[in-house]
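# Breakdown of the fold
Chain by chain, the residues:
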Amino acid sequence: MTAAQTPGDGGLDDRVPFLARLEREDRSALLALGSTLPFAARAPLIHQNEPSSHILLILNGWTKVTASAANGYEALLALRGPGDIVGESAALTGRPRSATVTALEPVRAVAVQLQQFTGFLARSPTASFALLGLTSDRTRAADRRRLEFASMTVRERFAALLLDLARTHGRRTDEGIELAVPLSKQELAGSVGASREMVQRLLKELRNREAVATGRRELVILRPDVLRKIAREGHAGPL
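An account of the accompanying structure is given in this report. Keep in mind that this is a model prediction, so the values were computed, not measured. The numbers attached to residues start from 1 for each chain and follow its sequence in the written order. Given that the model is predicted, a residue must reach a pLDDT of at least 70 before its local features are reported, and side-chain atom pairs must reach 80 or more before they are shown or counted; all residues, however, enter totals for whole chains, interfaces and linings. Side-chain figures throughout are based on the complete set of non-hydrogen atoms in the structure, without hydrogens or water.

A few words now on the sheet that holds strand E8 (residues 107-113). When DSSP finds two or more bridges between two strands, those strands count as paired. Put simply, DSSP H or I for four residues or longer makes a helix, DSSP E for two residues or longer makes a strand, and each gets a number counted from the N terminus. Judged by pairing direction, the sheet is antiparallel, and its 4 strands sit side by side in the order E1-E8-E3-E6 without closing on themselves. Two strands close off the open sheet at either side, each with one partner strand: strand E1 (35-39) and strand E6 (85-86). Both strand E3 (residues 54-60) and E8 contribute to a ladder of 6 bridges, which runs antiparallel. Note on E8: the bridge partner recorded for Leu57 is Val110. Contacts between residues were defined by any pair of non-hydrogen atoms, one from each residue, lying within 4.5 Å. Each axis is a line fitted through C-alpha atoms, taken for helices only over the stretch in contact, and angles between the N-to-C directions span 0 to 180 degrees. This element, helix H4 (residues 114-123), spans E3, E6 and E8 of the sheet and lies at about 80° to E8.

Spelled out as C-alpha cells, the structure:
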C-alpha cells in the first residue's frame, strides 16, 4: 500500500516496520520460528490485561491498537500493518498486555512463542538493536504527538489526525485522498481524545466546507489545504 503524500508533510521513523529493519537472513529465521494465523475483520489478535506468551508479526492487513480506561473510554493508540510487530513489550517484560490489538480487515500474522523470540534475539544482536531502535522511534513519535496535541484544540487535533492518516494510509482517487483503513467515528474520536458526537460535528463542518466526503467507514479528503489551515491555527511548527 502506497501512502498518498501531501505537500509539506514529513514521515516519522516509527513507521518503518520491524521486519523491514531486519536483514533478510534474520527475517527469514524469525518467521520460520512461528506459525501463521488468520484473523477476520474486527477480530482481536491480543487482549488488554491478558498474560503475554507470544508476539505477532503481521504479514497482511491492518490492525488498531487500543487501550481502555477504567471508566470505559477507549483510546486509539496506533495502527499497525504489514511488517509490524505487536505484543513485544509485554512479552519481553513479562507483564500483562497493555493494549488490545484488533483487525480492521482480514489479517494474517505469524505467532512466535516468547521463549523462541527471546532466544532469537539472543542469537542475533543486530535484530535486538533493530527492536530497540523501533521501540525508541515509537516512544519518540508518541512523545512528539502528545506535545503537539497539548497545544491544540480538539478541532485542530482532528485536522492534524486526518492529515497524518492521509500521509500514512491514504491512496489517490479521482475524488481525492481516500483513507485506506476503515476507522469508525468512535475510533477517530479515541485518537484525539474526543467524543463520538464531537467527531460527528467536526465531520459535518468539514463536509460543509467541501474538505471531506464521508460514507460508512469511508472518508475521502478532498481539500488537504483546508485541514492544514485548521491544524496550524494551534501549531507553531511544521506538521
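What follows concerns the nonpolar core. Put simply, buried Ala, Val, Leu, Ile, Met, Phe, Trp, Tyr and Cys residues joined by side-chain atoms within 4.5 Å make one nonpolar core. Only protein chains enter the calculation, and the probe is 1.4 Å; a residue is then buried if its accessible area is under 20% of its type maximum, exposed if over 50%, and partly exposed in between. Ranked by internal contacts, the top residues of the largest apolar core, which has 34 residues, are Phe158, Leu162 and Ile221. Taken together, the elements giving at least two residues each to this core come down to strand E5 (74-80), helix H6 (154-169), strand E10 (177-179), helix H7 (185-192), helix H8 (196-208), strand E12 (218-221) and helix H9 (224-231). For this core, the leading source of residues is H6, giving 8 residues. Once residues within four sequence positions are removed from consideration, Leu162 is found in contact with Leu179, Leu206, Val212, Leu219, Ile221 and Leu227. Listed in part, the 17 residues of the second largest apolar core include Leu19, Phe117, Phe120 and Leu134.

Let's shift gears to the environment of His54. Inspection of the secondary structure puts His54 in strand E3. His54 sits in the buried class, given a relative accessible area of 16%. Counting along the chain gives 63 residues from His54 to Phe117, while the straight-line C-alpha distance between them is 7.9 Å. Setting aside its immediate chain neighbours within four residues, His54 contacts Gly87, Ala91, Arg97, Ala111, Val112, Gln113 and Leu114.

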